[in-house]
Every structure is written in structure tokens, then in C-alpha cells.
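Observations on chain architecture
Residue strings, one per chain:
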Amino acid sequence: MKVLIVAPSWIGDTVLAQPLFRRLHERTPGLQLDALAPRWVAPVLERMPEIAQVVDSPFAHGELSLKARHHLARRLAVAGYQRAYVLPNSLKSALVPFFAGIPERIGFVGEKRYGLINQRHTLDKTLLPQMAERFAQLAEAPAAPLPRPLPSPRLTSSSEQGATTLAELALELPEKLAVFCPGAEYGPAKRWPARHFATLNDALSARGYTVWLVGSAKDQPIAAEITRLAQAASAPRNLCGRTSLRQAIDLLAAASFVVCNDSGLMHVAAALGRPLIAVYGSSSPGFTPPLSERAQVISLELECSPCFKRECPLGHLDCLNKLPPQRVLDACLSRSTG
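- Where an unreviewed UniProt entry is consulted, the protein appears under the name lipopolysaccharide heptosyltransferase II, with the organism given as Candidatus Accumulibacter appositus.
- According to the UniProt record, the Catalytic activity (unreviewed entry) comment for the protein is "an L-alpha-D-Hep-(1->5)-[alpha-Kdo-(2->4)]-alpha-Kdo-(2->6)-lipid A + ADP-L-glycero-beta-D-manno-heptose = an L-alpha-D-Hep-(1->3)-L-alpha-D-Hep-(1->5)-[alpha-Kdo-(2->4)]-alpha-Kdo-(2->6)-lipid A + ADP + H(+)".
- A UniProt comment under Sequence similarities (unreviewed entry) is attached to the protein, and it reads "Belongs to the glycosyltransferase 9 family."

In C-alpha cells, the structure reads:
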């Protein structure tokens, strides 16, 4: 059986799709599971043992590119896939499997994808409150109950891969390492303030920890602000924008613990099995929680949250501004392996 996954375009969503992949392998011995994915999420899929190969999806967010999709579909048709699982709900995400003539095309109805999807699921948000559950439901027949509990996501990072990454970045692994992921692609209403990260950095440094800041180039401004606000003698190492996602995975795997906003790297850290403190503001841990027993979610649970907004609609961002560094520090020290 050869199956194609049309993967999500977000790092965190891709991690949360892994329980589906594990279920598919459990039910079909000898399954070859390939993933069609944007290159910015491919490193996550490459660290999943369930995925045989990743096929590059060259399309930008929102880009239709019908001619290019036809060309890609012709190439995939030769591979002889018997089934496709289309995880995004957009119409355009279902085009390539349809153009490739893959016989079974499975997904949620989404943007009125009748015909493009021929094994259609209808989403009941009450029965499937979590994103990981919605992906895993696709392994079942439409309307069939979802077996629980779900298998947890698990990414790999070998000692050899970790050593290679450290050498590439000219880093030495400290005895006690805390990794902060201070960014959040969605917007500022998901970012714990830089001054709180700086206070936490200083408290951990006083206890013998080295702190590394990990994230994308878009996280450089908040990382620079954390570095500026931290005590000069204990300033963190700012690696935001200086690593590939592959390298970031290995750095997270080496951490004594990780402190993250609700972000893609939060889900990566959870799937690596690292002790994790996840700070939530405008979003809800009920929908996209870190799926790990070693994760602790911290939220003030104010009446105005979760609002799911990119920026605070009330202008005060109390859900994050009023979440004290001491509370996060206590969680770090209780979960540390260092």
C-alpha cells in the first residue's frame, strides 16, 4: 500500500498530525507513507519514522498555481499512490491528489471539496475538540468513533545528529541548558513579554543554567530585546534566525528543559520528550495542547481569554503581562533534568 499525506503548512500542525501516521501504520503493515509538504515543515516530517520520503510542495501560502499543480500531479501519478489523506481544509490542497488520479482521497469536507475528496468526513467540533484528534479521525471510517487515547507525537534526534548540529553552529553543550523559544508566528498576543523572559533568564543563570534563544529570523527582534534586558554577565545566547529547523530540533532535544509560547517549536519540544513549560495567552490549550506528559501548561485563564486574536483586542495583554516570571521559574526548576 502506497499512501500520500498532504501535510499541513504549519510546523505545530504537522507535529500534531503524527498520531494519524502512527495509526495508519498500525493498521496497514508494510505501508509506505510519503508526505507532500512545504519545504519549511519538511525537517519535522524527516524526523518521523513513519514517513518514508517527503515530496516538496513548492507553493506559497494562498498560491493557486494551477499549471504547477498539474505538473506536480503528473509526476506523482507515476508513483502509483492508492490513497491520499488531505489534512488541510482548503480547496487548493486537494487539487494535486485529484489531478494525480489517486483513487481514494480522504479528508474533511472543508471548502466544499465535493468530488476532490471522495471519502468525506464532516467535522463535529464537540466530539473532536483537539486538532490532533481531527487529524487522527481520518484513519477511521466517516462518522465512526475515534479510538482513544491517541498515540503521542515522537520526533527523533540521535546523538550523532546532535553532535553534527553543535559542530555546525560551533557550540559546546553546557551541563545545564535551558532553551527559550520566545516567538510565535501567529502574533504578539501569543508572546510572553521580553522583559519576563529576561527576568527568567537572570534567575536561571544565577542557578548555573546557560540559556539559548531559539527561533526563526522573525523572532530576532524579541530575542534581541531579551538579550538587551538581561543582566550583561548572564545574557542568553541569541540563536534566533541562525539555525535551520533541522538544527533547532537537535538543540531542543539537548535541553534540560524548554520554555515556549504556544508555537510550532513548543510542539516540537513536546514531541522530543523534553521537559516543557508552555505559556498560553490568547490561544487555548484545549485545542492545541502540547501532547506530552512532560509538558506543563501555564495560563492565567482570565475571563477575556482565550480570544484567539493576533493582538489583544482590549489593548492590555493582561493574559501574558500579568503572568509572573516566578511562576514560570518554579515550573522550570520542578521539571528540570539538569
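Description of the environment of Glu-46
- Tracing the sequence through the fold places Glu-46 in helix 3 (residues 42–46).
- With 261 residues separating them in the primary sequence, Glu-46 and Cys-307 have C-alpha atoms 34 Å apart.

As for the packing of helix 10 (residues 245–253) against helix 11 (residues 264–271)
- The geometry of helix 10 relative to helix 11 is characterised by a closest axis approach of 9 Å and an angle of 50° between their N-to-C directions. Between helix 10 and helix 11, the interaxial angle falls into the category oblique. Of the two elements, helix 10 crosses helix 11, and the hand of that crossing is right-handed. From helix 10, Leu-245, Ile-249 and Leu-252 reach across to helix 11, where they touch Leu-265, Val-268 and Ala-269.
- The residue makeup of the contact of helix 10 with helix 11, split by class, is six nonpolar, no polar and no charged.

Concerning the environment of Pro-88
- Relative to the helices and strands, Pro-88 is located in the loop between strand 4 (83–86) and helix 5 (95–99).
- Measuring from C-alpha to C-alpha, the distance between Pro-88 and Val-3 comes to 16 Å, with 85 residues separating the pair along the chain.
- In this structure, Pro-88 is in contact with Val-6, Ala-7, Pro-8, Ser-93 and Arg-113, ignoring residues within four places of it in sequence.

Examining the sheet that holds strand 4
- Here we have six strands laid out as an open sheet, ordered 3-2-1-4-5-6, and parallel in their pairing. Looking at which strands have only one partner, the edges of the open sheet turn out to be strand 3 (53–56) and strand 6 (119–121). If you compare each strand with its neighbour and ignore which way they point, the axes differ by 20° on average.
- Two elements, strand 1 (residues 2–6) and strand 4, share four bridges in a ladder whose sense is parallel. The residue bridging Ile-5 from the neighbouring strand is Tyr-85, located in strand 4.
- Contacting strand 1, strand 2 (32–37) and strand 3, helix 4 (residues 66–77) runs over the sheet at an angle of about 150° to strand 3.

Focus on the domain arrangement of the protein
- Once the domains are mapped, the protein shows domain 1 (2–138) and domain 2 (159–334).
- Computed over C-alpha atoms only, the centres of domain 1 and domain 2 are separated by 29 Å.
- Domain 1 puts 14 residues into the contact, and the matching count from domain 2 is 15 residues.
- Together, Leu-16, Arg-47 and Gln-130 form the three largest contributors to the area buried by domain 1 at its contact with domain 2, with a combined 39%.
- Linking domain 1 with domain 2 are one salt bridge.

Considerations on the nonpolar core
- Within the largest apolar cluster, 61 residues are counted, with the highest numbers of intra-cluster contacts made by Ile-5, Leu-20, Phe-21, Leu-45, Leu-87, Val-258 and Val-268.
- Sorting elements by how many residues they give to this core places helix 11 first, with six residues.
- Counting the residues that make up this core, at least three belong to each of domain 1 (2–138) and domain 2 (159–334).
- Those residues in contact with Val-268 that sit more than four places away from it in its chain are Ile-11, Val-15, Val-44, Leu-155, Ile-249 and Leu-252.
- The next biggest cluster of nonpolar side chains, apart from the first, holds 31 residues, and it includes Ala-198, Tyr-209, Val-279 and Leu-317.

The rules behind each value
Residues numbered from 1 in each chain as written. Predicted model: local features only at pLDDT ≥ 70, side-chain atom pairs only at ≥ 80, totals over all residues. Heavy atoms only, no water. UniProt positions renumbered as here; feature names shortened; annotations may be inferred. Helix = DSSP H or I, 4+ residues; strand = E, 2+ residues; numbered from the N terminus. Axes fitted to C-alpha atoms, helices over the stretch in contact; angles between N-to-C directions. Parallel < 35°, antiparallel > 145°, perpendicular 65-115°, else oblique. Left-handed = near helix turned anticlockwise from the far one by under 90°. Contact = heavy atoms within 4.5 Å. Nonpolar A, V, L, I, M, F, W, Y, C, P; charged D, E, K, R; others polar. Pairing = 2+ DSSP bridges. Domains from an automatic or database assignment. Buried area = accessible area lost by both parts, 1.4 Å probe. Salt bridge = Lys/Arg side-chain N within 4 Å of Asp/Glu carboxyl O. Core = buried A, V, L, I, M, F, W, Y, C linked by side-chain atoms within 4.5 Å. Buried < 20%, exposed > 50% of the residue type's maximum accessible area, 1.4 Å probe, protein only.

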